[in-house]
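Structural features, examined
Read off the chains here:
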Amino acid sequence: MTEIAIRTENLSRDFGSVKAVDGLLMEVPSGIIFGFLGPNASGKTTTINLLLGLLEPTSGRAEVLGFDTRTQTSEIRTRSGALLEYPGLYEQMSAEDNLEFYGRVWKMGAAERQARVKELLAHFGLWERRRESVEKWSRGMKQKLATARALLHRPSLVFLDEPTAGLDVVAAASLRDDLAGLTAREGVTVFLTTHNMVEAERLCRLVAVIRQGRLLAVGHPDELRAHTDSPHVEVAGSGFNEHVLGLLRARPEVSAVEVQDRRLSIQLRQEMDVAPLVSLMVSAGVQVEEVRKGKASLEEVFLTLMEEER
Amino acid sequence: MIGDMLSVIWKERKSLFVSRGSRMRALWNLLIPLVLVAIWFPLAQGPDWVTSPVALIALMIPTLLVSTTIPDSFAGERERHTLSTLLASRLPDRAVLFGKLAVAVGYGWLVTIVAILLALLTVNAAHWQGHVLLYSPAIVVADVVLSFLLAVFVAGVGILISLRSASVQSAQQLLVTILLIPPLVLGVIFSVFHKQIGNALGGIDFMQAVLIAMGVLIAADVVLALAIMARFQRARLILG
């Protein structure tokens, strides 16, 4: 039986008349990276604050690592790590001292602390710069250090609130690789909030989509695609005139057709062989350069869910 | 709890003194009050320094130092976005609160003690009487005990202000403004009613006045301690 790291039952939190989290019902199995996706102000950070016991729910309840978030907050925080909205580093202090402090907070012995600090700084490529104060570091390096801090005491569960936000592509990819490697090696459960779909798709075994505090969907990225995605075909080329579009729309297996620049997107009602459609277009004068049967990206699934919710 | 407080004290000490930028700032903050209390006033007062109430000028040290360190420690954590990470850790609220308080109060108090000892050296070196000049008991009690109680008082007011301030600067400005009010009000009252006050307090000697001040500060410190313990709670801090 899979162990459950996080369980919420109709978890809600209001701020005045605003429902920041609204009846959240979900389970996060242990040992996976769980993606919690949503646009800005959708309730992701509030959910983390509720799960860490930093905020009391207005109604409903949640269990984290088997502990109640209302009454056993200390037990939860003892076993969890967190990288919240900001890196939260003491910028005038050195990288080593930042980790040293949190090692003391988590009551790690001196020898264990030193070994773990060295291991993590080396893993993230920061060991050579451990004595520098972090204020002049790049955002990517700070995020790596903050991630190292969250993992310092070998927590069972780590909350990462948009860890790659604001990083350039290279820094984000590097942090993602480090994170994936480390979490796999240490078997830690990761609750990852992000609005970066590529990140979620690459890292997460399960994803949940939240909007305006309400959970829209939970599942493996492929399951979400199956739920929300109809098969489609992307055609690159020229000659996509109204006559061609009319011919395609008249076909019973086609549900929608859209042209953007030199790309034609055909939504199908069901999986099918697309050769007859390509023949139709060629015979109508379309110059076809490329045909690709589409599998929607997680981003498209996300946008579809957002659209449906509206 | 003590172990957790020591962790916070370790970090606060690093932030305050050990980090390069902080060390220079802390030295500059120390320089003027130390020069005034340890050198200028003892030289100006001469041997009277060890018995005169002027020696209470040392009480400005905890006021000045604590009023700069507390906003930096509390409002600064929020301004620099380190507070939420700290609150997401296993540290109990009280360990964070009292660890920070201990460093600020300890710093202000210890510097005061060092300053009055240096002042004693200065006055003995500059006005040697053939024997070592020592402070009168009333001055010792006043400087040592009142400086501690005053440091706690300033810290308490500073914490309450800092928890409601968005930035270190606004917290420091408001704290200094508030700390200036009591001396100004007392000054106005004394200048208007000096005869009546003189008659009423005529029978009170310096030591008794010090004890009264201690009683008032202890009461104020207890009230402030209760207020900050009620206010310094994770949920309230997270919501700002």
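Residues numbered from 1 in each chain as written. Chains lettered and ligands numbered in written order. Predicted model: local features only at pLDDT ≥ 70, side-chain atom pairs only at ≥ 80, totals over all residues. Heavy atoms only, no water.

1. Here we look at the overall build of chain A
When its secondary structure is counted, chain A shows eleven helices and 14 strands. By residue count, 52% of the 310 residues in chain A fall in the buried class. When contacts within chain A are restricted to residue pairs at least 6 apart in sequence, long-range pairs at least 24 apart make up 69% of them. When the accessible area of chain A is evaluated, it comes to approximately 14100 Å², of which 47% is carbon and sulfur surface. In chain A, which carries 38 positive and 44 negative side-chain charges, the distance between the mean positions of the two groups comes to 4 Å. (Helix = DSSP H or I, 4+ residues; strand = E, 2+ residues; numbered from the N terminus. Buried < 20%, exposed > 50% of the residue type's maximum accessible area, 1.4 Å probe, protein only. Contact = heavy atoms within 4.5 Å. Areas by Shrake-Rupley, 256 points an atom, 1.4 Å probe, with all protein chains shown as cover. Lys, Arg positive; Asp, Glu negative; His and termini not counted. Charge placed at Lys NZ, Arg CZ, Asp CG, Glu CD.)

2. Regarding the sheet that holds strand 1 (residues 4-15) of chain A
Residues and elements named next belong to chain A. Within the open sheet, the four strands sit side by side as 2-1-4-5. Their pairing is antiparallel. Since the sheet does not close on itself, it has two edges, and those belong to strand 2 (18-29) and strand 5 (67-68), each with one partner. Pairing of strand 1 with strand 2 involves eight bridges; the strand directions are antiparallel. Pairing of Arg7 across the sheet is with Glu27, part of strand 2. (Pairing = 2+ DSSP bridges.)

3. A closer look at the packing of helix 4 (residues 110-123) of chain A against helix 6 (residues 169-186) of chain A
Residue and element names in this part refer to chain A. At their nearest, the axes of helix 4 and helix 6 sit 11 Å apart, and the two run at 140° to each other. Relative to helix 6, the element helix 4 is oriented oblique. Contacts from Arg116, Glu119, Leu120 and His123 in helix 4 reach Asp178, Leu182, Arg185 and Glu186 in helix 6. When the residues that make up the contact of helix 4 with helix 6 are grouped by side-chain class, the tally is two nonpolar, one polar and five charged. (Axes fitted to C-alpha atoms, helices over the stretch in contact; angles between N-to-C directions. Parallel < 35°, antiparallel > 145°, perpendicular 65-115°, else oblique. Nonpolar A, V, L, I, M, F, W, Y, C, P; charged D, E, K, R; others polar.)

4. Quick notes on helix 3 (residues 60-79) of chain B
All names here are of chain B. Compared with an ideal rise of 1.5 Å per residue, which puts 20 residues at 28 Å, helix 3 spans 27 Å between its outermost C-alpha atoms and is within 8% of the ideal. Roughly 30° is the biggest bend found in helix 3, and it falls at Ser73. Within two residues after helix 3, His81 carries a phi angle of roughly 60°, on the positive side. (Expected span 1.5 Å × (residues − 1). Bend = angle between axes of the 7 residues up to and from the residue.)

5. Examining the pairing of strand 9 (residues 206-211) of chain A
Residues and elements named next belong to chain A. With six of six residues buried, strand 9 lies mostly within the body of the structure. Here strand 3 (residues 33-37) pairs with strand 9 via four bridges, running parallel. Pairing of Leu37 across the sheet is with Val209, part of strand 9. The pairing of strand 9 with strand 10 (residues 214-219) spans five bridges and is antiparallel. When the sheet's bridge partners are listed, Ile210 is paired in strand 10 with Leu215. Counted between consecutive antiparallel strands, the loop separating strand 9 from strand 10 contains two residues, among which Gln212 sits at a positive phi close to 50°.

6. Here we look at helix 9 (residues 206-231) of chain B
Residues and elements named next belong to chain B. An ideal rise of 1.5 Å per residue puts 38 Å on 26 residues; helix 9 measures up with 37 Å between its terminal C-alpha atoms. Of the residues making up helix 9, those classed as buried are Val210, Met214, Leu217, Asp221, Leu224, Ile228, Met229 and Arg231. The N-terminus of helix 9 is capped by Asp205, whose side-chain oxygen sits 3.2 Å from the backbone nitrogen of Met207. (Polar contact = N/O pair within 3.5 Å; in protein donor to acceptor, adjacent residues only side chain to side chain.)

7. Regarding the interface of chain A and chain B
It is common to give the size of an interface as the accessible area lost on bringing the parts into contact. If you look at the interface, chain A gives 26 residues, while chain B gives 25 residues. Summed over both partners, the interface of chain A with chain B comes to about 2400 Å²; 65% of that surface belongs to carbon and sulfur atoms. On the chain A side of the contact with chain B, Leu54, Tyr90 and Gln92 of chain A bury the most area, a combined 23% of that side's loss. Put simply, chain A and chain B have two salt bridges between them. Among the ionic pairs, Lys14 of chain B bridges to Asp97 of chain A, the shortest N-O distance being 3.1 Å. Between the two partners, chain A and chain B, sit six residue pairs in polar contact (both at pLDDT 80 or more). The set of elements that each furnish at least two residues to the side of chain A that touches chain B consists of strand 1, helix 2 (73-79) and helix 3 (95-105) of chain A. Sorting elements by how many residues they give to the side of chain A that touches chain B places helix 3 of chain A first, with six residues. (Buried area = accessible area lost by both parts, 1.4 Å probe. Salt bridge = Lys/Arg side-chain N within 4 Å of Asp/Glu carboxyl O.)

8. Here's the deal with the confidence of the model for chain B
For chain B, the mean per-residue pLDDT works out to 88, and 97% of the residues sit at or above 70. Across the interface, the model reports ipTM at 0.84; the global pTM reads 0.80. (pLDDT = per-residue confidence, 0-100.)

9. Side note on the packing of aromatic side chains
In total, this model carries eight aromatic pairs over all chains according to the counting rule given. Between Tyr90 of chain A and Phe101 of chain A, the aromatic rings sit 5.9 Å apart at their centres with planes inclined by 75°, giving edge-to-face as the arrangement. Note that Tyr90 of chain A is positioned in the loop between strand 6 (80-83) and helix 3 and Phe101 of chain A in helix 3, a separation of eleven residues in sequence. A centroid spacing of 6.0 Å and a plane angle of 35° characterise the contact between Tyr102 of chain A and Trp106 of chain A, whose relative ring orientation is tilted. Both residues of the pair, Tyr102 of chain A and Trp106 of chain A, count as buried. In textbook terms, an aromatic cluster arises when at least three aromatic residues are bridged by ring pairs, as seen for Phe34, Phe36, Phe159 and Phe191 of chain A. Positioned above the aromatic ring of Trp127 of chain A, the side-chain terminus of Arg130 of chain A is 3.8 Å from the ring centre. Positioned over the ring face of Phe74 of chain B is Lys100 of chain B, at 5.4 Å from the centre of the ring. (Phe/Tyr/Trp six-rings, centres within 6.5 Å; stacked < 30°, edge-to-face > 60°. Lys NZ or Arg CZ within 6 Å of the ring centre and 35° of its normal.)

10. Examining the nonpolar core
Ile6, Phe34, Phe101, Leu145, Phe159 and Phe191 of chain A are the most contacted members of the largest nonpolar core, which totals 119 residues. It is helix 6 (residues 137-162) of chain B that contributes the most residues to this core, twelve residues altogether. Those residues in contact with Phe159 of chain A, other than ones at most four positions away along the chain, are Ile6, Ile48, Leu51, Leu52, Ser80, Gly81, Ala82, Leu83 and Phe191 of chain A. (Core = buried A, V, L, I, M, F, W, Y, C linked by side-chain atoms within 4.5 Å.)

11. Details of the sheet that holds strand 9 of chain A
All names here are of chain A. In spatial order, the strands read 6-7-8-3-9-10; together these six strands make up an open sheet with mixed pairing. Edge positions in the sheet fall to strand 6 and strand 10, since each of these pairs with one other strand and no more. Here the average twist between neighbouring strands, direction ignored, is 15°. The pairing of strand 7 (residues 157-161) with strand 8 (residues 189-194) spans five bridges and is classified as parallel. Within the sheet, the bridge partner assigned to Leu157 lies in strand 8 and is Thr189. Packed onto the sheet, helix 5 (residues 139-151) meets strand 6 and strand 7 and runs at close to 165° relative to strand 6.

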